[in-house]
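# Structure at a glance
So you can see what is in the structure, the chains are spelled out below.
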Amino acid sequence: MTTQARDEIKIGGLGASRKRVEDNRFIRGKGNYVDDIVLPGMLHMEILRSPLAHARIVSIDTSKAWAIPGVRLVLTGEMMATRNLAWMPTLSYDTQAVLATDKVRFQGQEVACVIADDPYIAKDACEAIVVEYEALPVIVNPTQALADGAPLIRDDKENQHDNVVFDWEVGDRDGTERAFAQADLVSKLELHYPRSHPSPMECCGSIADFDRSTSKLTVYMTTQAPHIIRAAVALVAELPEHMIRIVSPDLGGGFGNKVPVYPGYVMSILASILLERPVKWIEDKTGNLISTGFARDIYLKGELALRKDGKILGVRMHTDSDHGAFFSDAQPSKFKIGLMHSAFSCYDIPSAHLTARGVYTNKAPGGVAYRCSFRVTEAMYFQERMVQAAADDLGMDQAEFRRRNFVRDDDFPHRTPFGFLTDSGQYGKCLQVGLEAIGYEDFLKQKEEAKSRGRLLGIGISTMTEPLGAGNSREYDILGIKMFDSAELRVHMTGKAILRTGAKTQGQGHETTWAQIVAHELGIPADDIVVEEGDTDTAPFGMGTYASRSTPVAGAAVAMVSRKVRAKARKLAAHLLEVSEEDIEWELGRFYVRSSPETGVSIQDCAYAAYSNMPDGMEPGLENVAYYDPPNLTWPFACYIATVEVDPQTGVWDVLRFVAVDDCGVRINPMVVEGQIMGGLTEAYAMASMQFITFDAQGNCIGSNYMDYLLPTAWETPGWELHEVVTPCPHHPIGAKGIGECATVGGPAAFVNAVLDAIKDTGVRNIDMPLLPDRVYEAITQRHDVS
Ligand code: CDP
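Residues numbered from 1 in each chain as written. Predicted model: local features only at pLDDT ≥ 70, side-chain atom pairs only at ≥ 80, totals over all residues. Heavy atoms only, no water.

## A word on the overall build of the chain
Where we set the bar: Only DSSP runs of H or I with at least four residues qualify as helices, and only runs of E with at least two residues qualify as strands; both kinds are numbered from the N terminus onward. The buried label applies to any residue whose accessible area, calculated with a 1.4 Å probe on protein chains only, is under 20% of its type's maximum; exposed applies above 50%, and partly exposed to all values in between. Throughout, a contact is declared for two residues whenever any of their heavy atoms are within 4.5 Å. A 1.4 Å probe and the Shrake-Rupley method give the accessible areas. Residues count as covered only by the protein chains that appear here. Residues scored as charged are limited to Lys and Arg (positive) and Asp and Glu (negative), so that His and the chain ends carry no count. By convention, the point assigned to a charge is CZ for Arg, NZ for Lys, CD for Glu and CG for Asp.
Regarding its fold elements, the chain presents 20 helices and 34 strands. Dimensions along the principal axes, computed over C-alpha positions, put the chain at roughly 85 × 75 × 50 Å. The burial tally for the chain puts 62% of its 787 residues in the buried class. The long-range fraction of contacts in the chain, counting pairs at least 24 apart against all pairs at least 6 apart in sequence, stands at 79%. For the chain, the accessible surface area stands at approximately 28,500 Å², while carbon and sulfur atoms represent 51% of it. Seen as two clouds, the 76 positive and the 105 negative side-chain charges of the chain have centres 2 Å apart.

Here it is as structure tokens:
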């Protein structure tokens, strides 16, 4: 380690495993979540939800609710409609009912709400509302949605004559057809990535506080993207933007669940405006699980055109995605199925073609990016499952098959089969590190030996690069707002500083890591920098935190604003040292005279001078703001390898070992990065082994509580063995790539591939997640695929 690097670690700069400063308040119970906020005169809101998945509303009788003492307001769709608020736009150019007027379209849909003196009165009053429904036929999957004569779910939309949300294609259809015509072998696979829920520990909620005397609306709410919400409120409620303040305080996780705009937020705002009192809405766990942004629920048909020697010549994919009753996921406007077409980006494949169809069903709005960059999780799962199936079809070792098709280290920037430009990577090296760590060759021998004694061992590999950091303004926008991000840095007179960004941490540790970037750029100790996010009155405009975009975009803005501040500090240093700027050199935290290195001034001296001794004509102060429009997405790479043992008598499988090799470029805080990987792998294990939400034929949600919706605890979670490779991102100011999602995205396929490898002799090609023991047992005993 160089002296400079050692000095930097001392001040908590890049590469320091600095303890998370936010944990100081969290572990003392001093976090400040929405539900902790109590405002004078605050009222409480509860939502009445539909018990039916598809039904016409015949009548709603709220008289008994109004009669309960302490009830201040009962809102129905009809009342919302008089203010033109019964429907709201979604982040995907669709509309969503705030409160149902005509019919309900999924179980759990918002039908009415009550505002009362306390939450218990509000809940009782909700139960006193009488709703008469006329049940309609229910659609719970794309096959039913697309069937001839299927009932029309979105009959509220003028030009909607079927249940199709979109029909989209990308890639080179003709080129791909030619590739398939030349193939020695075509490998096919059909899969379902089941519906799941991000399930953050804290549910959604808001406190709207409209002050008539100032006309200012303040909303404290659980949002990962406060500025997008402010823009949406300004546009939908037609309130002036400068009179809206959105505050996202501490969040107990988000994972994509806290990106969309939910009806509860809108109703609490309207209620506060009508009652001129603060109105709090805190969702309960069942409300969160049945009605807010679901993820995945997508069917894939995939084909790989293969040459005998293992070369992949082309890819063909078709997806049918179930979006529920309203198309409300946030994703870049241009891409209907998110970044599904980032599939196969780490492989050198000449041509690819994807067709994607989205459908409405009688399920809660789905498709949010659960800890993933807009469908990247599904893309990488399909990719790695197809890669394993293809290697098996060719009779080729799965590691060797990957190696043969990887993009080579000297082939960057590389144009992917669907047209993305990947920036850098050492894919072969990552795989090699992983294979060595797991002891690949030894395991294969062990596996054969175990087989002779009736034991089923398997090894699964998942390798992938994913696009993180949406996006660049040429290609990425949400509702027309370009996806840049921002940072504002103010260095005080004593050299201490405050940094604000347009991102919003939900537990990822931005308060810790952003300060480390400033420390790296300016030499100010990280402990001297406070980081603030989430208040639209103070933070610069940014697009928020999801899709692992914070480090690639807001993190880059932090570096850029620090550099702007350093440029001014250099002028101040020249003034203090009485030399010209050109004669000055910079080292961590200090400017010095080139010809006399011992003569210098610290960054703190410059800060003091900015307020007390600036040169004539210079504007006082030491602060700046940077908006960063990234030139490209960052492309981290990961290699995950699982070994498992499957019990043929029960279908139960245990993880023997799990090796993760992540390359996220320069690591700002290695400890935080490892925490992100471990958390992500735990979610991947959850998807592979237990976590899914189903619906019965009537559209009843199975999985509306934690007895049915299973999340792994520390008890079930395997141990993770972590390794790293570092390929700096060539276009990011500090060489960092995103990491928050890699493990959730790439992890599931490693487990599933391992289980299928263990039972390969049965000829079973696929078991859909989660790999519950009964499914595995059925596959082993009946020797057929299980979905
Ligand atoms: O957007 P989000 O914060 O969820 O994801 P991210 O940008 O991948 O960052 C997750 C956390 O890991 C943040 O605290 C980052 O600063 C940190 N990180 C890091 O220390 N080094 C990297 N190369 C990437 C992320």
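That shown, we press on.
## Here we look at empty space enclosed by the protein
Over the atoms, a rolled probe matching the size of one water molecule traces out where space is still vacant. Inclusion rule: Points on a 1 Å grid, built from protein atoms alone, make a cavity when a 1.4 Å probe fits but cannot get out and make a pocket when they are open with protein on both sides within 12 Å along at least 5 of 7 lines; residues with an atom within 4 Å of a point are the lining residues. Grid points are joined across faces, edges and corners, and a volume is the space filled by probe spheres set on the points. Note that Gly is not counted as nonpolar here; it falls among the polar residues with everything else outside the nonpolar set of Ala, Val, Leu, Ile, Met, Phe, Trp, Tyr, Cys and Pro and the charged set of Asp, Glu, Lys and Arg.
As enumerated under the stated definition, the model contains five cavities of 30 Å³ or more in all. Gly-256, Val-259, Pro-260, Ala-330, Val-368, Ala-369, Cys-372, Phe-374, Tyr-546 and Ala-547 together form the lining of the largest cavity. Of the residues that constitute the lining of the largest cavity, the class distribution is nine nonpolar, one polar and no charged.

## What to know about the sheet that holds strand β6 (residues 103–104)
For clarity, the cut-off: Two strands are said to pair when DSSP picks up at least two bridges between them.
Ordered in space as β6-β2-β8, the three strands form an open sheet in which the pairing is antiparallel. Two strands lie at the open edges of the sheet, namely β6 and β8 (130–135), each paired on one side alone. Where strand β2 (residues 55–61) lies against β6, two bridges are found, and the strand directions are antiparallel. Counterpart to Arg-56 in the pairing with β6 is Lys-103.

## Observations regarding the sheet that holds strand β10 (residues 185–196)
Hydrogen bonds between backbone atoms are what pair the strands of a sheet, whose relative direction is either parallel or antiparallel. Just so we agree on the cut-off: Note on geometry: axes are C-alpha line fits, over the in-contact stretch for helices, and angles between N-to-C directions span 0 to 180 degrees.
Across the sheet, five strands lie side by side as β9-β17-β16-β15-β10; this open sheet has mixed pairing. The open sheet has two free edges, formed respectively by β9 (164–171) and β10, since each of these has just one partner strand. Neighbour-to-neighbour, the strand axes of this sheet turn through a mean angle of 10°, independent of strand direction. Relative to strand β15 (residues 295–306), β10 runs antiparallel, the two sharing eleven bridges. From the neighbouring strand, Ser-187 faces β15, where its bridge partner is Leu-304. Contacts from helix α7 (residues 173–181) reach β9, β10, β15, β16 (312–322) and β17 (351–359) within the one sheet, and its direction differs from that of β16 by about 125°. Sheet contacts for helix α11 (residues 376–394): β10, β15 and β16; angle to β10, the most-contacted strand, approximately 145°.

## A word on the packing of aromatic side chains
To describe a pair of aromatic rings, one takes the distance between the centres and the angle between the planes. Inclusion rule: Working definition: rings of Phe, Tyr and Trp (its six-membered ring) pair if their centres are within 6.5 Å, and the pair is stacked with planes under 30 degrees apart, edge-to-face with planes over 60 apart, and tilted otherwise. A ring is scored as having a charge over it whenever the NZ atom of a lysine or the CZ atom of an arginine sits within 6 Å of its centre and within 35 degrees of its normal.
All told, the structure shown has 29 aromatic pairs when counted by the stated rule. Here the aromatic rings of Phe-26 and Tyr-33 are separated by 6.2 Å at their centres, their planes lie at 25°, and the arrangement is stacked. For Tyr-33, a relative accessible area of 26% gives the class partly exposed. Feature note: the residues Phe-344, Tyr-347, Phe-406, Phe-412, Tyr-427 and Phe-637 constitute an aromatic cluster, connected by ring pairs. Between the NZ or CZ atom of Arg-195 and the centre of the ring of Phe-294, over which it lies, the distance is 4.6 Å. Arg-316 extends its terminal NZ or CZ atom over the ring of Phe-180, reaching a point 4.0 Å from the ring centre.

## Observations regarding the site of the ligand
Put simply, the rule reads: We call a residue near a molecule or strand whenever a single non-hydrogen atom of that residue lies within 4 Å of it. Definition of a polar contact: a pair of N or O atoms within 3.5 Å, with one able to donate and the other able to accept a hydrogen when the atoms are protein atoms, and with sequence-neighbouring residues admitted only if both atoms are side-chain atoms. An automatic or database domain assignment supplies the residue ranges for each domain.
Near the ligand, the surroundings consist of 24 residues, among which Gln-508, Ser-550, Thr-551, Val-666 and Ile-739 are the closest. At a separation of 2.7 Å, an oxygen atom of the ligand approaches a polar backbone atom of Ile-739. Surface burial for the ligand is 98%, taken as the share of its 520 Å² of free accessible area covered by protein chains. The set of elements that each furnish at least two residues to the shell around the ligand consists of α15 (510–522), α16 (550–577) and α18 (670–689). Taken together, the residues that form the shell around the ligand break down as nine nonpolar, twelve polar and three charged. Each of two domains, domain 1 (3–30 + 485–628) and domain 3 (377–470 + 632–782), supplies a minimum of three residues to the shell around the ligand.

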